[in-house]
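A look at the structure
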Amino acid sequence: MCKTTYEALTRASSFLEENNREKEVARYLLQHVLKKNYSELMMAMYEEISQEAFQTFWAYVEEHATGRPFQYIIGQETFYGRDFIVNENVLIPRPETEELIEDVKKRALKLFDINKVIQVADIGTGSGAIAISIKKEMPHTIVTATDISTEALRVAMKNAQRLEAEVQFKQGDLLAPIANRKWDIILSNPPYIGQHEADSLSDTVIEYEPHLALFAEEDGLQLYRKMAEQLPAMMNIPSLIGFEIGYEQGAAVQKMLQKAFPNAAVEVVKDINKKNRFVFCTINE
């Protein structure tokens, strides 16, 4: 039994390192158990930690050491400054996807009249992170989110309710639930990992995150191809399409969208680590 917060954190960090896990996770788990932010935790380092709190904390640490993502252990992940509920039915939102939100905001300002009510769809919404963030950051939008998974939609709807974001949710495969109307912005971070890449994934991903949201056929390109074939009949003029992609998929997805929209500007965008991460298609005619 550790007496202070500092002792508990030090012991847990070492334990996770010995088990080939990121030691920083110990801090996230301890903050959750003690209900403190980073600054509060630092100020409480030499305060006594209760036996109950330590036991709960250590149980979480041991669970993470087996490989279970800490986000699933505590039931949430922060995305674009907001806490989202996550569980094994949805992918854990990644920090790099926040750059998609930033890019969409900038592009929408240039593309649309400032007074226009923008119709946005998020395809394969998972936890709802993209759809809800867009609605919170761009209140003048009308946002619809789709997913094929009933369980994922339950999580997304809970997040929308908690975060007071007015988003409409529809169940179905890719664009099918929204194919009966025109859109100003369509976004998607679909499954894009090819089955041949499974061995390169960490055990925390392959053993815990939903495979339905990870893998796609045709070396991970199948869902982009399907959407590219259907999107020309669904887009307003002007309009914007934004896809998150795998690092090596930029050229292939760019080619698909250029074929679908011969007169559009199709751009591959790199993330903060200079890796291909997004493809944007701007349709002006």
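Before any of the text, the structure's been laid out above.
Report on the accompanying structure.

The rules we used
- Residues numbered from 1 in each chain as written.
- Predicted model: local features only at pLDDT ≥ 70, side-chain atom pairs only at ≥ 80, totals over all residues.
- Heavy atoms only, no water.
- Helix = DSSP H or I, 4+ residues; strand = E, 2+ residues; numbered from the N terminus.
- Buried < 20%, exposed > 50% of the residue type's maximum accessible area, 1.4 Å probe, protein only.
- Contact = heavy atoms within 4.5 Å.
- Areas by Shrake-Rupley, 256 points an atom, 1.4 Å probe, with all protein chains shown as cover.
- Core = buried A, V, L, I, M, F, W, Y, C linked by side-chain atoms within 4.5 Å.
- 1 Å grid on protein atoms, 1.4 Å probe; cavity = no way out; pocket = protein on both sides within 12 Å on 5 of 7 lines; lining within 4 Å.
- Points joined across faces, edges and corners; volume = space filled by probe spheres on them.
- Pairing = 2+ DSSP bridges.
- Right-handed = clockwise from strand over helix to strand, strands pointing away.
- Axes fitted to C-alpha atoms, helices over the stretch in contact; angles between N-to-C directions.
- Parallel < 35°, antiparallel > 145°, perpendicular 65-115°, else oblique.
- Left-handed = near helix turned anticlockwise from the far one by under 90°.
- Nonpolar A, V, L, I, M, F, W, Y, C, P; charged D, E, K, R; others polar.
- Salt bridge = Lys/Arg side-chain N within 4 Å of Asp/Glu carboxyl O.

Moving on, we get to the overall build of the chain. A tally of regular secondary structure across the chain gives eleven helices and nine strands. Each of the 285 residues in the chain was classed as buried or not, and the buried ones make up 52%. Considering only contacts in the chain between residues 6 or more positions apart, those separated by 24 or more positions represent 66%. Total accessible area computed for the chain in this model is approximately 14,200 Å², and 48% of it derives from carbon and sulfur atoms.

Grouped together as the largest cluster of nonpolar side chains are 32 residues, with contacts concentrated most on Val104, Ile134, Val167 and Ile185. Residue assignment for this core shows that the elements contributing at least two residues are helix 6 (98-111), strand 3 (118-123), helix 7 (129-137), strand 4 (141-147), helix 8 (150-162), strand 5 (167-171), strand 6 (183-188) and strand 9 (276-283). What Ile134 contacts, discounting residues up to four positions off in sequence, is Ile101, Val104, Val120, Thr141, Val143 and Leu187. By size, the runner-up hydrophobic cluster in this structure holds 27 residues, among which are Ala121, Met234, Phe243 and Met256.

What follows covers the layout of surface pockets. A volume near 290 Å³ is recorded for the second largest pocket. Around the second largest pocket, the lining comprises 13 residues; the ones closest to its centre are Tyr28, Gln31, Ile74, Gln76 and Thr78. Elements supplying a minimum of two residues to the lining of the second largest pocket: helix 2 (25-34), helix 5 (70-74) and strand 1 (76-79). No other element matches helix 2, which puts four residues into the lining of the second largest pocket.

Turning our attention to the environment of Glu22. Turning to its location among the elements, Glu22 is positioned in the loop between helix 1 (5-18) and helix 2. The exposed category is assigned to Glu22, whose relative accessible area is 55%. Along the chain, Glu22 and Ala65 lie 43 residues apart, while their C-alpha atoms are 9.3 Å from each other.

The next subject is the pairing of strand 4. Across the seven residues of strand 4, six count as buried, placing the element largely inside the fold. When strand 4 meets strand 5, the two strands line up parallel, connected through five bridges. Following the sheet pairing, Thr146 is matched in strand 5 by Lys170. Crossover connection from strand 4 via helix 8 to parallel strand 5: handedness right-handed.

One open sheet holds the seven strands; their spatial order is 5-4-3-6-7-9-8, and the pairing between them is mixed. Unpaired on one side and paired on the other, strand 5 and strand 8 (265-270) mark the two borders of the sheet. The sheet shows a mean angle of 15° between the axes of neighbouring strands, taken without regard to direction. The strands that helix 6 touches are strand 3, strand 6, strand 7 (235-244), strand 8 and strand 9; relative to strand 9, the one it contacts most, it runs at about 20°.

What follows deals with the packing of helix 10 (residues 222-230) against helix 11 (residues 250-260). Interaxial distance between helix 10 and helix 11 falls to 9 Å at its minimum, and their mutual angle equals 15°. Judged on the interaxial angle alone, helix 11 and helix 10 are roughly parallel. The interaxial crossing formed by helix 10 with helix 11 has right-handed handedness. Here helix 10 contributes Tyr224, Arg225 and Ala228 to the contact with helix 11, which in turn contributes Val253, Met256, Leu257 and Ala260. Looking at the contact of helix 10 with helix 11, its residues break down into six nonpolar, no polar and one charged.

A word on the pattern of salt bridges. As enumerated under the stated definition, the model contains eleven salt bridges in all. Residue Glu96 is joined to Arg277 by a salt bridge in which the shortest nitrogen-to-oxygen separation is 3.6 Å. With Glu96 in the loop between strand 2 (82-85) and helix 6 and Arg277 in strand 9, this pair connects stretches of sequence that are 181 residues apart. When the shortest N-O distance is used, the salt bridge between Lys105 and Glu102 registers 3.6 Å. Of this pair, Lys105 and Glu102 are both found in helix 6, three residues apart, which corresponds to roughly one turn of the helix. Classification of Lys105 as partly exposed rests on a relative accessible area of 23%.

The topology assignment puts Ile92 in the loop between strand 2 and helix 6. Looking at Ile92, the relative accessible area reads 6%, which means it is buried. With 15 residues separating them along the chain, Ile92 and Glu77 place their C-alpha atoms 7.0 Å apart.

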